[in-house]
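# Descriptive analysis of the structure
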Amino acid sequence: MTKLIIDGKEIDVPAEYTLLQACEAAGAEIPRFCYHERLSIAGNCRMCLVEVKGGPKPVASCAWGVRDCRPGPKGEPPEISTRSPMVKKAREGVMEFLLINHPLDCPICDQGGECDLQDQAMGYGVDTSRFAENKRAVEDKYLGALVKTSMNRCIQCTRCVRFSAEVAGAPEMGATGRGEDMEITTYLEHALTSELQGNLVDICPVGALTSKPYAFAARPWELGKTQSIDVMDGIGSAIRVDTRGREVMRVLPRINEAVNEEWISDKTRHVVDGLRTQRLDRPYIREAGKLRAASWPEAFAAIAAKAARTDGKRIGAIAGDLAGVEEMFALKDLLAKYGSGNLAVQGGDAFDPALGRGSYIFNPTLVGVEQADALLIIGANPRKEAAVFNARIRKRWRAGGFKVGVIGAKVDLTYDYDHLGAGTETLGELAAGKHSFMDVLKNAKNPIILVGAGAASRHDGAAILAAAAKLALDVGAVKDGWNGFGVLHETASRVGALDIGFFATAGGLNAAQMTTFGTLDLLFLLGADEIKPSDGTFVVYIGTHGDRGAHRADVILRGGRLHREVRDLRQHRRSRADDRPCRVPAGRSPRGLGDRARPVGGARQEAGLRLAVGAPPGDLQGRAAPDPPRPDRGRRRRPDQEAGGEGRLAGEGTVQAGDRGLLFDQPNRACVRRDGGMLAACLRADADRSGVSRWNSSKARSGPVSSGR
C-alpha cells in the first residue's frame, strides 16, 4: 500500500492504482470523458486533470500511476489537490476547448437529460466562450440499423473504438486524420457486426452515438424505471426496463459484476419491438379449419369437453423458452390431476434431473471463468447463444494463459481457439486420452468443460452429456473448491423446468415422443413455438404472441404478460432464482391512482382451469374475483426490499422476491426444489402479502392472431 494525501486527507491505496482511482477512493469527484473502468486508458479528453504538489502543471489522473508520484523533500507522502485554483482553471479551459466545435443540439439530441457533457459543462465549465470562428462539420457515418450517428457531436474520446476492439472483439471502428480533421469511422462505412454494438450507445459520453430504433421516441425524465432480469438467453443479465404509460420504451443494462458486468446483448436491448406486434388479445377456437375469436367460457368449455373424453395418459404439455416457473408449476399440477406424467420443456429431453442439479447447470459460474486456465467448448457457439458470456471469455483470453478448444462448428468466437473436430469421434478421442488437447486439460489448474445446446439437442445428447461429464472427472475439472463442468443453456426456462420436475416421469413421454403420430390426443403448449405437433392432436396454445405454435393450435388462450411486463421466477444457468419486479400488472386496466383496478380476465382464466380439473365452475358466469387488499402505501420498506428483485447466488442463503419484499432463507439449496415444495411455500406466503406495491398501468397493445391456415 502507498500513502497519499488527497485534498488534505491521508489514505492508503494500492501502488497499481491510478491517481483517478486513488482520488475516488478518498471521496473526491473527478470528471472524465475518455476514461472507463472496463477499457484501456487513452488519456484523450484531459478532463481529469489534478494538481500534484511540486509539479509545474496539472497531470491527467487517469494515466498517472500512484507509484509514479514522488514524495516530498522530507519524505512526506505525495500531496494531490483536486480543487485548487490551478485545477479549476485547467478544467474550465479543457471544457471550453471541447465545446468549441460541439453543436448546440441539446434540444433535439436523444442524449439530452443523461449526457455527461451536459452535466460536466454545468459543473466544471464557464458560461462564455471566446471562440468566434465557424464550427467544423463532420459527415455522419453509417454503422448499421441499430446505432445512429451524429458525428458533429463527437469529442474523440475513443471509447467506442476501444470497446469494439477490446470487449466486443470486432475491431471495426477507428480514427482517421489528425488534429481538427480527426474523425471516428468504420473506414469503409459498413454495418457493425458485433452482437454487443448497442453498448456503444451506453458508453458514448455525448450524443454522437445514439439508438436508431429509439430515436426521438422519449425523454429520460418521462420514463418510469424498473429493475428486471433478461430472459432472452440463459444468462439472466441485469436490466432496467423504461416505460412510458403502459408501453415499454427501451431496455438498458444494470451493473452486476457476477453476471453481465454492465453489458447486454443486442437481442436483449432491442427485443422490445416485439412487445408491440402480433399480440394475442383474446381466446380463439378453430372451427372449419379457421381460427375465430371466442369468449373465455367458450374456450374453456372446448378444452374441458376434449379433456373429459381423453385418457389422462394421452394428455401432455410442453413448455417454451420464455415460460416462468409459476406457469410451468401450475400446468404440471393440472396434468397431475389427470394422472399424466407427459411433461417436457423445449430442448430438455437429454437432461436427467435424477442425476442432480450439477448435471444441467453451469457449475463454474459466469464470473468463475476468469479463474479458469483452460476451456473446452462442446457443441456451443457462445457468441450467438450468450454474447455477454462470450465477452467474459474473451476478457479472460486477453489476460493470457488461457487455452480454448472447440468441438463443433468452426465459427468466429472473437478469440483464438484450437478447433479439435466437429463430431462425437473427437470427444471419444479426448475421453480415451488420444488427443493432444487432453494434456492441456490435465495440466490446467481450473479447467472448464462446457457443453452447449447444439450437443444436448441431438438425438444422442444424453450420451454426449455423459461423455463430457466423465471427461470432466478424468481431467480433474471436478474437485474440492472447483467444479468445471457446465451446461450452457440458451433459454431462460429450461433450468427452472428441470428444478420443479417439469419433465417426463416414469412411464411419461418426452417432447420427441409427444410429437410422434398417435401418442397424444390433447397437448398443451406453454409458449412452445419450436414444436410441431402431429396431425390429429388437439392442441391448446397458451402464450402472448400469434407465433407458430398459435397457428397450429385448436384453442388459443391469451397467456400472462411477458417478462418485461410481469414479475415471475426463473432459474438461470448459474443456479440463481430470479424474480422479476411487476411493472405492468397482467389482467388489469389502467385507472386513476385512487381507483381500484378492474379485473379484465384473470378470474375467468382461473375458473376455467378449475373447470378443466373437475372443480365447480364458480366464476365462469362472468363474476369478477374480488380484488386483493390494497397494499399499505405508507409502509416503510425494509432495506432488503430496495434491491429491486435481484436475488443472490444459490447457496448464499437468501433469495429476495423483488418488489413484494418477500425474503426466504434456504441455505445451500436452490430456491425451487424438484418437488416444488419451496415454490409452493413462496406462493402461499406471497398470497398473504397483500399483492404488489404498485399498480401503475396495464394491458399492452395487442392485436388478433391471424387465422393460420
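Throughout, a residue's number is its position along its own chain's written sequence, starting from 1. Per-residue local features of the predicted model are confined to residues with pLDDT of at least 70, and side-chain atom pairs are confined, for both listing and counting, to 80 or more; whole-chain, interface and lining totals are unaffected and use all residues. To get the side-chain values, take all heavy atoms of the structure and skip hydrogens and water.

### What about the pairing of strand S16 (residues 342-345)?
Relative accessibility decides the category of a residue: with a 1.4 Å probe and only protein chains considered, values under 20% of the type maximum give buried, values over 50% give exposed, and everything between is partly exposed. Numbering of helices and strands starts at the N terminus; helices are DSSP runs of H or I of at least 4 residues and strands are runs of E of at least 2. By the alternation rule, side chains of S16 split into Asn-342 and Ala-344 and Leu-343 and Val-345, which are all buried. Between any two strands, pairing holds if DSSP finds at least two bridges. Pairing analysis gives 4 bridges linking strand S15 (residues 315-319) to S16, with the strands arranged parallel. Its bridge partner lying in S16, Gly-316 is registered against Asn-342. Call a crossover right-handed when, viewed with both strands pointing away from you, the route from the first strand across the helix to the second goes clockwise. Each parallel crossover has a hand, and for S15 linked through helix H8 (residues 325-337) to S16 it is right-handed.

### Quick notes on the confidence of the model for the protein
On a range of 0 to 100, pLDDT expresses the predictor's confidence in each residue. Scored by pLDDT, the protein has a mean of 80; 79% of the residues are at 70 or more. Two residues qualify as a contact provided that any one of their heavy atoms is within 4.5 Å of a heavy atom in the partner residue. Below a pLDDT of 50 lies the segment residues 580-709, which in the model reaches 265 contacts outside its immediate sequence neighbourhood of four places, other chains included.

### Some details on the state of the cysteines
Note on disulfides: each one is a pair of cysteine sulfur atoms within 2.5 Å. Per the counting criterion, the structure on display carries 0 disulfides. Among the cysteines around Cys-34, which has no disulfide bond, Cys-45 carries the closest sulfur, lying 3.7 Å off. Judged by its relative accessible area of 9%, Cys-45 falls in the buried class.

### Here's the deal with the sheet that holds strand S23 (residues 485-488)
The strand order across the open sheet formed by 5 strands is S19-S18-S17-S20-S23, and the pairing between neighbours is parallel. Pairing within the sheet leaves two strands with one partner each, and these edge strands are strand S19 (418-421) and S23. Each neighbouring strand pair of the sheet contributes to a mean axis angle of 20°, computed without reference to strand direction. When strand S20 (residues 447-452) meets S23, the two strands line up parallel, connected through 4 bridges. Within S23, the residue paired with Ile-449 across the bridge is Phe-485. Helix axes are fitted to C-alpha atoms over the stretch in contact, other axes to C-alpha atoms as well, and angles between N-to-C directions run from 0 to 180 degrees.

### Focus: unusual backbone geometry
Although it is not a glycine, Thr-158 adopts a positive phi angle of roughly 65°. Mapped onto the elements, Thr-158 comes out in the loop between strand S6 (147-149) and helix H4 (159-167).

### Some details on helix H10 (residues 387-398)
Working note: α-helix, 3.6 residues per turn, so residues spaced by three or four point in the same direction. Helix span, expected: 1.5 Å multiplied by one less than the number of residues in the helix. Here H10 is 12 residues long and its end C-alpha atoms lie 16 Å apart, about the 16 Å a rise of 1.5 Å per residue gives. The element H10 is largely enclosed, with a buried count of 9 among its 12 residues. The set of residues buried in H10 consists of Ala-387, Val-388, Phe-389, Asn-390, Ala-391, Arg-392, Ile-393, Arg-394 and Arg-396. Summarising the contacts, the buried residues of H10 are in contact with H4, strand S17 (374-378), helix H9 (382-385), S20 and S23. Gly-400 lies just past H10 and shows a positive phi near 90°.

### Let's talk about the pattern of salt bridges
The term salt bridge refers to a side-chain nitrogen of Lys or Arg lying within 4 Å of a carboxyl oxygen of Asp or Glu. Applying the stated rule across the entire model yields 37 salt bridges. One connected set of salt bridges, linked through shared partners, spans Arg-38, Glu-257, Glu-261, Glu-262, Glu-370, Arg-392 and Lys-395.

### Examining the packing of helix H2 (residues 85-98) against helix H3 (residues 116-124)
Contact geometry of H2 with H3 gives a least axis separation of 10 Å together with a crossing angle of 140°. As far as their axial angle goes, H3 and H2 are oblique. Handedness of the H2/H3 crossing: left-handed. Across the interface between the two elements, Arg-91, Glu-92 and Met-95 of H2 pack against Leu-117, Gln-120, Ala-121 and Tyr-124 of H3. Amino acids are sorted into nonpolar (Ala, Val, Leu, Ile, Met, Phe, Trp, Tyr, Cys and Pro), charged (Asp, Glu, Lys and Arg) and polar (every other residue, Gly among them). For the contact of H2 with H3, the residue count by class is 4 nonpolar, 1 polar and 2 charged. Oblique is the label for every angle not falling under 35 degrees (roughly parallel), over 145 degrees (roughly antiparallel), or within 65 to 115 degrees (roughly perpendicular). By convention, the crossing between two helices is left-handed when the near helix turns anticlockwise from the far helix through less than a right angle, and right-handed when the turn is clockwise.

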